Amino acid sequence: MHPEDFYLPAHTTLFRAITRLRNRQSPVDLLTVMEELRSHQELDGIGGPLFLTELTANIASGAHIRYHAAIVKEKAHMRRIIRMAAELWHQAHDPAEDPDELLEDWEKQVTEWSTGLSGTASLPLPDVLKHTIQKAAQAEEIRKSGKQVAIPTGLKNLDKALAGGWHAPDLIILGARPSMGKTQLALFFAKAAAQAGKPVLIVSEEIADTQLAGRYLLEDERIHPSHLRSGQMTPEEWNAMDETAGRLWELPIWIAAGHDIRYLHNIRSEARRLKRKGNLELLIVDHLGLTKTGQKFQNRYQEIGHITGELKNLAKELDIAVLLLSQLSRPAKGTGIRMPQLEDLRESGDIEQDADMVLIIHKPDYYDPAAIDSKGVP
């Protein structure tokens with residue numbers, strides 16, 4: 001309950017007085033509340049002792065206090081919906097408003113309100129410390145129950161280096177040159193997370209959802225890729241596909257691969273929708289180079305910076321980890337193949353500033369078959 005949940009200003013003032021008493025661990029009764037209001041010069045403003053006497057006279061028992069509080073909360077929610085709807089109505093009549101931005105802003109307000117994740121208000125340090133301690137206690141309870149605290153990557157050495165795996169609200173960049181297997185590795189990460197019970201949203205801006213699902217099915221070596229595409233599956237391959245699909249069936253993985261999903265506001269909208277339902281802990285976006293904002297920028301460099309900044313904000317807003325795939329520039333002609341560096345990220349700049357971590361795939365053997373010692377290590 002919050003003071004603003006009450007309709008009458010007198011009830012708001014009264015609730016604040018009771019809250020102050022509770023915070024001091026003082027008893028709460030008619031006399032203590034009356035004295036608290038008097039000490040803050042609020043008693044006369046709500047109607048004096050007579051108002052308190054009449055109010056308490058109408059309460060026969062505190063046995064149904066939770067039910068009464070639920071009614072107050074419900075009515076407060078309805079009033080807020082009315083206010084938000086009225087504001088949306090007025091904005092929708094403004095010809096200068098952009099419909100997509102208006103809908104996204106509305107959805108963000110609803111998400112922040114319904115999940116309590118609004119970041120618009122500052123908090124005193126004791127409240128932040130309390131929240132931090134609570135999160136640590138929750139993490140310990142999760143660990144003791146045998147569940148994963150972090151989101152596992154599926155690679156033991158990487159999990160060890162990352163203190164168990166991906167953590168919210170990190171923005172992780174996975175970079176690689178073309179044909180290095182970014183998407184396949186991202187699918188591996190998604191499957192590992194889902195197998196640990198961590199819901200995943202894969203945003204695929206280049207590959208169709210059926211193609212992604214097909215890659216999961218083709219992990220079974222009994223299924224020949226060309227047979228799957230050409231419709232020449234043997235009975236044995238159909239049986240293998242049924243078995244593989246059965247193992248994948250219950251994994252909490254969502255795939256968004258429609259044409260419009262490449263727009264940033266649609267990515268955020270779908271992520272918020274799944275988060276409201278409790279079905280999102282890891283967002284994978286494939287890939288940065290295809291993501292659009294629908295807004296005008298002086299150059300693509302600025303747009304990329306806006307995208308990475310907004311995805312980092314989304315990670316904090318929803319308390320999720322975001323894995324963003326990004327291509328590395330091809331080596332210049334005539335130059336030898338070298339270990340990729342941060343500056344090789346295409347249209348970089350703000351990418352390194354916004355990212356909490358940058359991982360780069362490098363396969364020396366792809367360019368030089370003699371380079372076997374470090375073969376295929378991501």
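None of the values given here were measured: they were computed from a predicted structure.

A. Structural detail: the overall build of the chain. Scanning the chain from terminus to terminus reveals 15 helices and six strands. The 378 residues of the chain split such that 35% are buried. Excluding contacts between residues fewer than 6 apart, the proportion of contacts in the chain whose partners are at least 24 apart in sequence is 66%. Entry remark: accessible area of the chain is about 22800 Å², with carbon and sulfur atoms responsible for 54%.

B. Here's a closer look at the packing of helix α12 (residues 264–276) against helix α13 (residues 300–318). Two numbers describe how α12 lies on α13: the axes approach to 11 Å, and their chain directions differ by 10°. In terms of their interaxial angle, α12 and α13 are classed as roughly parallel. Residue-level inspection shows Leu 264, Arg 268, Ala 271, Arg 272 and Lys 275 of α12 in contact with α13, the latter providing His 306, Ile 307, Glu 310, Leu 311, Leu 314, Glu 317 and Leu 318. Residues that form the contact of α12 with α13 fall into these classes: six nonpolar, one polar and five charged.

C. Main features of the packing of helix α1 (residues 9–23) against helix α3 (residues 48–57). Remark: α1 packs on α3, axes separated minimally by 13 Å, with the N-to-C direction vectors making an angle of 85°. Compared by their axis directions, α1 and α3 come out roughly perpendicular. Taking contact as the criterion, the partners of Ala 10, His 11 and Leu 14 in α1 are, on α3, Phe 51, Leu 52 and Leu 55. Among the residues making up the contact of α1 with α3, the classes are represented as five nonpolar, one polar and no charged.

D. Spotlight on the pattern of salt bridges. Under the counting rule described, the total for this entry stands at twelve salt bridges. For the salt bridge of Asp 220 with Arg 222, the shortest nitrogen-to-oxygen distance reads 2.8 Å. The exposure class assigned to Asp 220 is buried, which follows from its relative accessible area of 10%. The partner of Glu 270 in a salt bridge is Arg 273, and the shortest N-O contact between them spans 2.7 Å. Taken together, the positions of Glu 270 and Arg 273, both in helix α12 and three residues apart, correspond to about one turn of that helix.

E. Quick peek at the confidence of the model for the chain. Of the residues in the chain, 86% have a pLDDT of 70 or more, and the chain-wide mean is 80. Within the chain, helix α15 (residues 364–367) has the poorest average pLDDT of any element, 66, and strand β4 (residues 282–286) the best, 93. Confidence drops under pLDDT 50 across residues 374–378; counting only partners more than four residues distant or on other chains, this segment forms eight contacts.

F. Representation of unusual backbone geometry within the structure. Following Ala 168, the chain continues to Pro 169 via a peptide bond in cis, the omega torsion being 0°. Positionally, Pro 169 belongs in the loop between α7 (156–161) and β1 (171–176). Cis geometry is adopted by the peptide bond preceding His 287, which originates at Asp 286 and carries an omega value of 5°. Structurally, the position occupied by His 287 is in the loop between β4 and α13. The phi dihedral of Gln 41 is positive, around 55°, even though this residue is not glycine. Relative to the helices and strands, Gln 41 is located in the loop between α2 (30–39) and α3. The exposure class of Gln 41 is exposed, given its relative accessible area of 76%. Even without being glycine, Ala 163 reaches a positive phi, approximately 55°. Tracing the sequence through the fold places Ala 163 in the loop between α7 and β1. Residue class for Ala 163 comes out exposed when judged on its relative accessible area of 60%.

Conventions adopted
- Residues numbered from 1 in each chain as written.
- Predicted model: local features only at pLDDT ≥ 70, side-chain atom pairs only at ≥ 80, totals over all residues.
- Heavy atoms only, no water.
- Helix = DSSP H or I, 4+ residues; strand = E, 2+ residues; numbered from the N terminus.
- Buried < 20%, exposed > 50% of the residue type's maximum accessible area, 1.4 Å probe, protein only.
- Contact = heavy atoms within 4.5 Å.
- Areas by Shrake-Rupley, 256 points an atom, 1.4 Å probe, with all protein chains shown as cover.
- Axes fitted to C-alpha atoms, helices over the stretch in contact; angles between N-to-C directions.
- Parallel < 35°, antiparallel > 145°, perpendicular 65-115°, else oblique.
- Nonpolar A, V, L, I, M, F, W, Y, C, P; charged D, E, K, R; others polar.
- Salt bridge = Lys/Arg side-chain N within 4 Å of Asp/Glu carboxyl O.
- pLDDT = per-residue confidence, 0-100.

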